[in-house]
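For reference, the chains in residue letters:
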Amino acid sequence: MSVEKKTVLVVDDTPENIDLLSAVLSPYFKVKAAMNGTLAIKIAQSKNKPDIILLDVMMPDVDGYEVCRQLKKDVSTASIPIIFVTAKSEIEDEQKGFDLGAADYIAKPISPPIVVSRVKAQIALYDQARHLEALVAQRTEDLHHTRLEVIRRLGKAAEYKDNETGMHVIRMSYFSKFLAEKLDVSEEWIDLLHNAAPMHDVGKIGIPDSILLKPGRLDPQEWEVMQKHSQFGCEIIGDSDEPLLNMAREIALYHHEKWDGSGYPQGIEGEAIPLSARIVAITDVFDALTSERPYKKAWTEERAIALIESESGKHFDPNLVPLFLECLEKIRDIQSRFGDEIFKARG
């Protein structure tokens, strides 16, 4: 099987120089040509980027140094190796080229063997760098997926210990994502919320079964212990510079705070409650209300919505409640796809 030739972009305002370099390089590479800096930049930024650029310095419209500067500041072209091919052979000229990010410097008149050898060497280094970048990117993605899986499973562990099911954390995490999509936040933040939300009740692992699984109403002492699950969750997740774990910790600690300050564990109010926790406060309660548990029947959607609306400005952020209601169509789809009966069937 033949190996596809690499592409060299030759940039020079003198046709004879382009012809000479093309003749030298074409037996080994695909050769593209540009007779000015503006065209060179356009070709380099196109979909079919060159693997290397041979760049003249002295050109009338945009000189080679400026072409190099613009390509190196563009993320999409910054890694393409550039070799200056020029009659400007003073040390300071070479130093300027290297300072701008050039990979090599070839003086005119050229030596064909030197040109071919250096182009091959730089392309080999470029290929090696791209291969290593691909390996690092794959490894980073693998670690990211592993971290997400650990977080999801730890979130499910808390639900298995509770009267709820593993499907609850899936549903409410989607509900949270849908609500966040209504806000002026980044896609990255939405993704973090979606993956951190399942950890909201991980602290229930630390609550005694006699309280957590009690079918009846908790007495004041039991309720005091139950409230500690927010702090337990915060401690289980711990301090971390990792954005996903940091948000998971934030949600675990604050998702039982209320807009009017009557929540727990700290009794903070309004926008002092992190946005992530204000979102989860709504989605967690809605799913809990509309799901069947050993101690209660599932509420109808209408009844659950009525409670959410009645608690707007008290329990829930009044700015988020109407946006949540706009998500109901998507929410119903998730409820049908991830119902508790699916969980029971899998078990």
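These lines cover the structure that appears in this document, whether it is placed above or below. Remember, predicted model here, so these are calculated numbers, not experimental data. (Residues numbered from 1 in each chain as written. Predicted model: local features only at pLDDT ≥ 70, side-chain atom pairs only at ≥ 80, totals over all residues. Heavy atoms only, no water.)

Thoughts on the overall build of the protein
Turning to step 1, where the next piece is worked out: When you go through the protein residue by residue, the secondary structure sums to 16 helices and 5 strands.
Turning to step 2, where the next piece is worked out: Taken across its 347 residues, the protein has 44% of its residues classed as buried.
Turning to step 3, where the next piece is worked out: At a minimum sequence separation of 6, the contacts of the protein that also span at least 24 residues come to 62%.
Turning to step 4, where the next piece is worked out: Here the protein has roughly 17,900 Å² of accessible surface; of this, 53% comes from carbon and sulfur atoms. (Helix = DSSP H or I, 4+ residues; strand = E, 2+ residues; numbered from the N terminus. Buried < 20%, exposed > 50% of the residue type's maximum accessible area, 1.4 Å probe, protein only. Contact = heavy atoms within 4.5 Å. Areas by Shrake-Rupley, 256 points an atom, 1.4 Å probe, with all protein chains shown as cover.)

Topic: helix 12 (residues 275–289)
Turning to step 1, where the next piece is worked out: For helix 12, built from 15 residues, the straight-helix expectation of 21 Å at 1.5 Å per residue is met to within 8% by its first-to-last C-alpha distance of 22 Å.
Turning to step 2, where the next piece is worked out: Within helix 12, 12 of the 15 residues are buried, which leaves the element mostly enclosed by the surrounding structure.
Turning to step 3, where the next piece is worked out: Considered for burial, the residues of helix 12 that qualify are Ser276, Ala277, Arg278, Ile279, Val280, Ala281, Ile282, Thr283, Asp284, Phe286, Asp287 and Leu289. (Expected span 1.5 Å × (residues − 1).)

Considering the sheet that holds strand 5 (residues 104–107)
Turning to step 1, where the next piece is worked out: Taken together, the 5 strands give an open sheet; going across it, the order is 2-1-3-4-5, and neighbouring strands pair in parallel fashion. Of all strands in the sheet, those with a lone pairing partner are strand 2 (30–34) and strand 5, marking the two edges. Across this sheet, the average inter-strand angle for adjacent strands is 20°, counted without regard to direction.
Turning to step 2, where the next piece is worked out: As paired elements, strand 3 (residues 52–55) and strand 4 (residues 82–86) share 3 bridges and run parallel to each other. Each bridged residue has a counterpart across the sheet, and for leucine 55 the counterpart in strand 4 is phenylalanine 84. (Pairing = 2+ DSSP bridges. Axes fitted to C-alpha atoms, helices over the stretch in contact; angles between N-to-C directions.)

Some words on unusual backbone geometry
Turning to step 1, where the next piece is worked out: Residue proline 109 follows lysine 108 across a cis peptide bond; omega there is -5°.
Turning to step 2, where the next piece is worked out: Structurally, proline 109 can be placed in the loop between strand 5 and helix 5 (112–161).

Comments concerning the side chain of serine 276
Turning to step 1, where the next piece is worked out: When you line up the elements, serine 276 lands in helix 12.
Turning to step 2, where the next piece is worked out: Residues within four places of serine 276 in sequence aside, it is in contact with Trp189, Leu193, Met247, Glu250 and Ile251.

Comments concerning the pattern of salt bridges
Turning to step 1, where the next piece is worked out: The tally for this structure, following the rule as stated, stands at 18 salt bridges.
Turning to step 2, where the next piece is worked out: Note that lysine 108 is salt-bridged to aspartate 12, the shortest N-O span being 2.8 Å. Taken as a pair, lysine 108 in the loop between strand 5 and helix 5 and aspartate 12 in the loop between strand 1 (7–11) and helix 1 (15–25) lie far apart in primary sequence, 96 residues in all.
Turning to step 3, where the next piece is worked out: On the basis of relative accessible area, lysine 108 is assigned to the partly exposed category, the value being 24%.
Turning to step 4, where the next piece is worked out: One network of salt bridges, in which partners are shared, links Lys6, Asp51, Asp127 and Arg130. (Salt bridge = Lys/Arg side-chain N within 4 Å of Asp/Glu carboxyl O.)

Some thoughts on the environment of isoleucine 41
Turning to step 1, where the next piece is worked out: Residue placement: isoleucine 41 occurs in helix 2 (residues 37–44).
Turning to step 2, where the next piece is worked out: It is 6.9 Å that separates the C-alpha atoms of isoleucine 41 and leucine 71, two residues lying 30 residues apart in sequence.
Turning to step 3, where the next piece is worked out: Not counting residues up to four positions away in its chain, the partners in contact with isoleucine 41 are Val67, Gln70 and Leu71.

Observations regarding the pairing of strand 1
Turning to step 1, where the next piece is worked out: For strand 1, the tally of buried residues reaches 5 of 5 residues, placing the bulk of the element in the interior.
Turning to step 2, where the next piece is worked out: Here strand 1 runs beside strand 2; their pairing, made up of 5 bridges, is parallel. Pairing of leucine 9 across the sheet is with lysine 32, part of strand 2.
Turning to step 3, where the next piece is worked out: Read as a crossover between parallel neighbours, the route from strand 1 over helix 1 to strand 2 is right-handed.
Turning to step 4, where the next piece is worked out: With 4 bridges connecting them, strand 1 and strand 3 associate as parallel partners. Bridging across to strand 3, valine 11 finds its partner in leucine 55. (Right-handed = clockwise from strand over helix to strand, strands pointing away.)

Keep in mind these values describe shape, not function.
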